[in-house]
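Listed here are the chains, written in short residue letters.
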Amino acid sequence: MTLLSIEHLNSHFMTVDGIVRAVDDVSLEIGENETLGLVGESGCGKTVLALSLLRLLSENTKTDGRVIYKGRDLLKLKEKELRGVRGKEIAHIFQNPLSSLNPVLTVGFQISEPFLRHQGLKKSIANSRAVQMLGLVRIPSAPDRAKEYPHEFSGGMRQRAMIAMGLACSPSLIIADEPTRGLDVTIQAQIVELMKDLIKNSGASMLLITHDLSLAAQLCDKVAVMYSGEIVEYADIKEFFKGPAHPYARNFLESVPSRGMKPIRGISPSLINPPPGCRFHPRCDCSMDMCKSVHPPLTEVKDGQHARCLLYA
Amino acid sequence: MLNNILKRSGIFCMVLTVSTSLVFFMLHSLPGENAEVMAKYIFLGNVELNPSNEEVQLVKEKFDLDRSLLSQYYSWATNAFHGDLGRSYKTNAPVREEILIRLPATITLALIAVLMSLLIGMPLGILAAVKQNSTTDYLCSATAVLGISMPNFWLALLLIMVFSLALKLTPTIGYGGPSHLILPVVTLGTATTAVVMRLTRSSTLEVMRQDYIRTARGKGLDHRDIMITHSLKNALIPIITMVGLEFGHLLGGAVIIETIFAWPGIGRLLIDSISARDIPVIQGTVLFITLMYMLLNFTIDILYPIFDPRIGGS
Ligand SMILES: Nc1ncnc2c1ncn2[C@@H]1O[C@H](COP(=O)(O)OP(=O)(O)O)[C@@H](O)[C@H]1O
Ligand code: SF4
Ligand SMILES: [Mg+2]
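Only a predicted model underlies this, so the values are computations on that prediction, with no experimental measurement involved.

The next point concerns the overall build of chain B. On a plain count of helices and strands, chain B comes out with 13 helices and 0 strands. Sequence-ordered secondary structure for chain B, helices as α and strands as β, is α-α-α-α-α-α-α-α-α-α-α-α-α. Seen through its C-alpha atoms, chain B measures out along the principal axes to roughly 85 × 60 × 30 Å. For chain B, buried positions account for 43% of its 314 residues. Partitioning the contacts of chain B with sequence separation of at least 6, the portion at a separation of at least 24 is 70%. By element, 68% of the accessible surface of chain B is carried by carbon and sulfur atoms, the whole surface being about 16200 Å².

Here it is, written out as structure tokens:
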């Protein structure tokens, strides 16, 4: 069963320099109980894609397409109805917990807010639920910690607090944006363990955004590789790790530390004026003549693996 | 924390010493000046007349004014430290009393002006921020610019002309019932209100751009909850600093306004003592104003952690 289906989603920023096509004609699906990994180098549009779903982008953004969640198009929902979805049905765990937590409110209060908002709990009860949530994400002496402010937490604990906040109302879908970024390796491993458990126990679906493929390997059922605002590969996790089809996806996999740490040559393209034809062609080792002019469609390479590359068209 | 308090107390003492000694040396830099003024008051009872050389000499000897300035400053400072600011040349009353008598008038004026600026400036600032780039916003901003650019004395005269002379709605000048407060408060409060409004607008806009506001939206909170619980407390931080300084400024005596409205406050005392060359009063008033200013700063610093837990604390 499909829980969320993203269809031809565009998110463009109107800026003085021109139109930034951060998300360009993206279509993806997340099934019930499924975790989809969204990977790609920094600046390719992952965060913008995630923020588009619950319409959390700034006002200079033009978003169109369809985001169907349980039969309703989130992009067409009235603001008031959408507020009922945010934090209750779909939770967003934002990237960069330090700036995403309010510095002048206690962590406990910020975790209790979804309870106050969506379950109408009394303050004291919401507060004790918040303490429970902190315990659930394995923060020691949670009752005391709940009274502290974000700056008193370590990086790892802030990330846990963000996760606790997201899971508060047992959402059906969790959007987690770079939940391990900036943490040291042991803490990363703990967060991964934690998320594994939480997903297993809650039965929630997840869109996991990361630039870390090993994280995707551990948590995801499917993976989508994003490049320059587009999805260039979309595959079952097993197929993907057997061998990515798209040249960029291959390079991306080879760039991870455990697989040789080979950097991808060239620089990421501009999102205002992306290269014509295949956006990856200036950096691609397999580039052919027609790659400079023909924009490749996302095609099925084999069962459970799609790639946006003229080699397969 | 303790370290911080020690450091602050150190700075506190230093600023007090520098400001009072500066005033002291400036007032006493003309040789014989102090003795001459004293002689005028003691022998002639009037600053306009000139005492004879013998009279000046007599005063010098009696008060030991030929000592070095440093030693004179030292005696003044020691006395001041014990709460004795000397006596006014003009009235012969203790300077401390002269100041304390005028304090209520100044505090009333400053307090009401600051309250007015907060009560009007903050809601308008928030409104302008929420309706950014709307007609309301432009109207608020234009009014604020006007409020900031009008010189105080000019506004005071304008208000007197319109409201007391033409419309006869308020008393012109003086000190008494609440009606006397209206014009001075409006004059003093206008610029502060405008500054508060602009700062509230800009700091609210700044806060609304922050990631944690997005987090709040992501939780499903509505606009009102976000404004009240997430934005206001953050936006208040710069406003508190500004209002504290502004309040200190007003407490230090709104010199021009108190003079125009014949308001018997600290600022008026300073002006009067300067024209009367009443040196002990000038000195005492300056010390007092500095003290007020610094105490306010100190209070703000202590209050700060309540609004911004990142500061102070552990
Ligand atoms: N509010 C905005 N206005 C203009 N451009 C933006 C805005 N937010 C993001 N972008 C641009 O969109 C692109 C994608 O950003 P992002 O989604 O954050 O990348 P990442 O994949 O690292 O999460 C970047 O080039 C960024 O500069
Ligand atoms: S379309 Fe051409 S340039 Fe693009 S990835 Fe495939 S081979 Fe490389
Ligand atoms: Mg990102």
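Looking only at helices and strands, chain A has 11 helices and 12 strands in total. Relative to the globule expectation of 20 Å for 313 residues, the C-alpha radius of gyration of chain A, 20 Å, shows essentially globular dimensions. On the principal axes, the C-alpha backbone points of chain A span a range of 65 × 45 × 40 Å. Taken as a whole, chain A presents about 13400 Å² of accessible surface, with 53% of it coming from carbon and sulfur. Put simply, chain A has 37 plus and 34 minus side-chain charges, and the middle of one group is 4 Å from the middle of the other.

Right, let's get into the coordination of the magnesium ion (ligand 3). All of the protein donors around the magnesium ion (ligand 3) are Thr47(A) (OG1) and Gln95(A) (OE1); their distances to the metal are 2.0 to 2.5 Å. A residue pair is termed long-range when its members are at least 10 positions apart, and Thr47(A) in helix 1 (residues 46–53) and Gln95(A) in the loop between strand 6 (90–93) and helix 3 (97–100) qualify at 48 residues.

So, about the site of ligand 1. All names here are of chain A. Residues in close proximity to ligand 1 total 13 residues, the closest being Gly43, Gly45, Lys46, Thr47 and Val48. Between ligand 1 and the protein, one listed contact pairs an oxygen atom with a backbone N or O atom of Gly43 at 2.7 Å. Within the side chain of Thr47, an N or O atom sits 2.6 Å from an oxygen atom of ligand 1. Protein contacts shield 67% of the accessible area of ligand 1, which totals 570 Å² for the unbound molecule.

Looking now at the sheet that holds strand 1 (residues 2–15) of chain A. Residue and element names in this part refer to chain A. With antiparallel pairing, the 4 strands of this open sheet are ordered in space as 2-1-4-5. Of all the strands in the sheet, just strand 2 (18–31) and strand 5 (72–73) have a single pairing partner and so form its edges. Alignment of strand 1 against strand 4 (residues 61–69), held across 8 bridges, turns out to be antiparallel. Within the sheet, the bridge partner assigned to Phe13 lies in strand 4 and is Thr61. On the sheet, helix 1 packs against strand 1, strand 2 and strand 4 and is oriented at approximately 115 degrees with respect to strand 1.

A separate point is the pairing of strand 1 of chain A. By the bridge criterion, 10 bridges tie strand 1 of chain A to strand 2 of chain A in an arrangement that is antiparallel. Within the sheet, the bridge partner assigned to Ser11(A) lies in strand 2 of chain A and is Val23(A).

So, about the domain arrangement of chain B. Residues and elements named next belong to chain B. Per the domain assignment, the segments of chain B are domain 1 (2–84) and domain 2 (98–307). For domain 1 and domain 2, the distance between their C-alpha centres works out to 34 Å. Listed as interface residues are 19 residues of domain 1 and, on the opposing side, 13 residues of domain 2. For the domain 1 and domain 2 pair, buried surface summed over both sides reaches about 1600 Å², with 73% attributable to carbon and sulfur atoms. At the boundary of domain 1 and domain 2, one finds 1 salt bridge. Here Arg8 and Asp301 are joined by a salt bridge, their closest N and O atoms 2.9 Å apart.

Let's shift gears to a nonpolar patch on the surface. All names here are of chain B. On the surface, a cluster of nonpolar side chains totalling about 1000 Å² of accessible area is made up of Phe153, Trp154, Leu157, Leu158, Met161, Val162, Phe163, Leu165, Leu167, Leu169 and Ile256. Considering each element in turn, the nonpolar patch owes the most residues, 8 residues, to helix 7 (residues 152–166). With respect to the element layout, Leu165 can be found in helix 7. Here Leu165 falls in the partly exposed class, since its relative accessible area comes to 48%.

All names here are of chain A. Structurally, chain A comprises domain 1 (2–89 + 171–307) and domain 2 (94–170). For domain 1 and domain 2, the distance between their C-alpha centres works out to 27 Å. With 22 residues of domain 1 at the contact, the number on the domain 2 side is 16 residues. Across the domain 1/domain 2 interface, buried area totals approximately 1600 Å², and carbon plus sulfur atoms make up 62% of it. The three residues of domain 1 that bury the most area against domain 2 are Pro171, Leu194 and Leu198, which together make up 31% of that side's buried surface.

Now for helix 4 (residues 107–118) of chain A. Because an α-helix completes one turn every 3.6 residues, residues spaced three or four positions apart along the sequence face the same direction. Within helix 4 of chain A, 10 of the 12 residues are buried, which leaves the element mostly enclosed by the surrounding structure. Restricting attention to buried positions, one finds in helix 4 of chain A the residues Val107(A), Gly108(A), Phe109(A), Gln110(A), Ile111(A), Ser112(A), Glu113(A), Pro114(A), Phe115(A) and His118(A). Contact partners of the buried residues in helix 4 of chain A: helix 2 (79–85), helix 5 (123–136) and helix 7 (155–167) of chain A together with helix 10 (223–251) of chain B. Of the residues trailing helix 4 of chain A, Gly120(A) is marked for its positive phi of about 60 degrees.

Quick look at the environment of Cys44(A) now. All names here are of chain A. By the secondary structure assignment, Cys44 is in the loop between strand 3 (35–39) and helix 1. When the C-alpha positions of Cys44 and Met226 are compared, they lie 6.5 Å apart, and in sequence the two are 182 residues distant. Sequence-distant contacts of Cys44, that is, excluding residues within four places in its chain, are made with Ala22, Met226, Tyr227, Ser228 and Gly229.

Right, let's get into the pairing of strand 7 (residues 173–177) of chain A. The side chains of a regular strand alternate between the sheet's two faces. Residues and elements named next belong to chain A. Among the 5 residues that make up strand 7, 5 are buried, leaving the element largely enclosed by the rest of the structure. Because side chains alternate across strand 7, one face comprises the buried residues Leu173, Ile175 and Asp177, and the other comprises Ile174 and Ala176, equally buried. Sheet analysis places strand 6 next to strand 7, joined by 4 bridges and oriented parallel. Pairing of His92 across the sheet is with Ile175, part of strand 7. Bridge count between strand 7 and strand 8 (residues 205–210): 5 bridges; the pairing is parallel. Each residue of the ladder has a partner; that of Ala176, found in strand 8, is Leu208.

This part takes up the site of ligand 2. Looking at ligand 2, the residues that line it are His246(A), Pro247(A), Cys278(A), Phe280(A), His281(A), Cys284(A), Cys286(A), Cys291(A), Cys309(A), Leu310(A) and Leu311(A). Within the shell around ligand 2, the residues separate by chemical class into 9 nonpolar, 2 polar and no charged.

Parameters and conventions
- Residues numbered from 1 in each chain as written.
- Chains lettered and ligands numbered in written order.
- Predicted model: local features only at pLDDT ≥ 70, side-chain atom pairs only at ≥ 80, totals over all residues.
- Heavy atoms only, no water.
- Helix = DSSP H or I, 4+ residues; strand = E, 2+ residues; numbered from the N terminus.
- Buried < 20%, exposed > 50% of the residue type's maximum accessible area, 1.4 Å probe, protein only.
- Contact = heavy atoms within 4.5 Å.
- Areas by Shrake-Rupley, 256 points an atom, 1.4 Å probe, with all protein chains shown as cover.
- Rg over C-alpha atoms; globule rule 2.2 N^0.38 Å.
- Lys, Arg positive; Asp, Glu negative; His and termini not counted.
- Charge placed at Lys NZ, Arg CZ, Asp CG, Glu CD.
- Donors = N, O, S within 2.8 Å, 3.2 Å for Na, K, Ca; no water.
- Near = heavy atom within 4 Å.
- Polar contact = N/O pair within 3.5 Å; in protein donor to acceptor, adjacent residues only side chain to side chain.
- Pairing = 2+ DSSP bridges.
- Axes fitted to C-alpha atoms, helices over the stretch in contact; angles between N-to-C directions.
- Domains from an automatic or database assignment.
- Buried area = accessible area lost by both parts, 1.4 Å probe.
- Salt bridge = Lys/Arg side-chain N within 4 Å of Asp/Glu carboxyl O.
- Patch = residues over 30% accessible without salt bridge, like charges linked within 9 Å, V, L, I, M, F, W, Y side chains within 5 Å.
- Nonpolar A, V, L, I, M, F, W, Y, C, P; charged D, E, K, R; others polar.

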